[in-house]
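An overview of the molecular structure
Chain residues, written in single-letter form:
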Amino acid sequence: ALIVGGIFGGIALWSAYGFWYGFPFLLVGIIMLAGYLLLGTILSTNQLLSQQRLEEAEARLNMTYFPKLLLVGYKGVYYMTHGAVAMQKKDFNSAEMWIKKSLDSGLPTDNERAAAMLQLVMIAANKNNIKAAQSHFADLKKLTVTEPMLKEQIKEVDKQLKQAGQGMNPSTMAM
């Protein structure tokens, strides 16, 4: 509403009183439009997700009408956020598709890539595809993770994968 108000208000003032009366409103409207097209609604969506307001978060995320125009890092985060919403809904096929799309689109740091890879590991584990989970985890281990909470989650998943791998080992199954 502010974008439309700024642009149309600026145009109306420009036509009624002259260029300099409408210019500030027009400029603010154009800057806000550029921000919306390049950044989308990702930040406000993630705030809603952190408050566990899933339906509102999904509606807000769908307000980004032109995801292909987002900046490269934001495009990857946009797709990753779609994947997070799908994971919360337990729609693992959609989540996997969105997360792979986020990795293809580009994520800004190794921490974001690691979070996406960790979600792929969890999706594969939920589908009982241990080999795919271990393959994704091997790719995850190649990244340089600096965030302590993410490092802790990676250690925990590593333990669980080792236990799952031992369960599939024929020699331990015979015991």
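Up top is the structure.
So, here is what we can say about the structure in this document. For clarity, every value in this text was computed on a predicted model and none was experimentally measured. Each chain carries its own residue numbering, running from 1 in the written order of its sequence. Local features are withheld for residues below a pLDDT of 70 in this predicted model, meaning they are given only at 70 or higher, and side-chain atom pairs are given and counted only at 80 or more; totals for whole chains, interfaces and linings count all residues. To obtain the side-chain values, all non-hydrogen atoms of the structure were used and water was disregarded.

1. Some thoughts on helix 1 (residues 2-17)
To keep it simple, the criterion reads: Secondary structure elements follow DSSP: runs of H or I no shorter than four residues count as helices, runs of E no shorter than two count as strands, and numbering proceeds from the N terminus. The span one expects for a helix is its residue count, reduced by one, times 1.5 Å. Buried means the residue's accessible area, taken with a 1.4 Å probe over protein chains only, is under 20% of the maximum for its type, while exposed means over 50%, and partly exposed covers the values in between. What the arc measures is the spread of directions leading from the helix axis to the C-beta atoms. Note on definitions: a residue-residue contact is assigned when non-hydrogen atoms from the two residues lie within 4.5 Å.
Its 16 residues give helix 1 an end-to-end C-alpha distance of 21 Å, which sits within 8% of 22 Å, the value for a rise of 1.5 Å per residue. Regarding helix 1, the residues found buried are Ile3, Gly6, Ile7 and Gly10. Buried residues of helix 1, viewed axially, fall in a sector of 90 degrees; they line one side. Exposed residues on helix 1 whose side chains face more than 90 degrees from its buried face are Phe8, Ser15, Ala16 and Tyr17. Along its buried surface, helix 1 packs onto helix 2 (19-39). Immediately beyond the C-terminal end of helix 1, within one or two residues, lies Gly18, with a positive phi of roughly 120 degrees.

2. Observations regarding helix 5 (residues 72-88)
The first and last C-alpha atoms of helix 5 sit 25 Å apart over 17 residues, in line with the 24 Å expected at 1.5 Å per residue. By the criterion of burial, helix 5 is predominantly enclosed, with 12 of the 17 residues buried.

3. Examining the pattern of salt bridges
Keep this limit in mind: The salt bridge definition used is simple: a Lys or Arg side-chain nitrogen within 4 Å of an Asp or Glu carboxyl oxygen.
The final tally for this structure, using the stated rule, is seven salt bridges. Here Arg53 ties to Glu56 by a salt bridge, and the two come within 2.6 Å at their closest N and O atoms. Here Arg53 falls in the partly exposed class, since its relative accessible area comes to 34%. When the shortest N-O distance is used, the salt bridge between Asp139 and Lys142 registers 3.8 Å. The network of salt bridges with shared partners includes Glu96, Lys100 and Lys127.

4. Considering the side chain of Lys75
Here is the rule: In this charge count, Lys and Arg are treated as positive and Asp and Glu as negative; neither His nor the chain ends contribute.
Within the secondary structure, Lys75 is located in helix 5. Lacking a salt bridge, the buried Lys75 has Asp104 as its closest oppositely charged neighbour, with an N-O distance of 12 Å. Beyond its immediate sequence surroundings of up to four residues, Lys75 is in contact with Pro67, Lys68, Leu70 and Ser105.

5. Points about the environment of Gly5
Looking at the secondary structure, you find Gly5 in helix 1. Judged by relative accessible area, Gly5 falls into the partly exposed class, the value being 40%. Counting along the chain gives 83 residues from Gly5 to Gln88, while the straight-line C-alpha distance between them is 36 Å.

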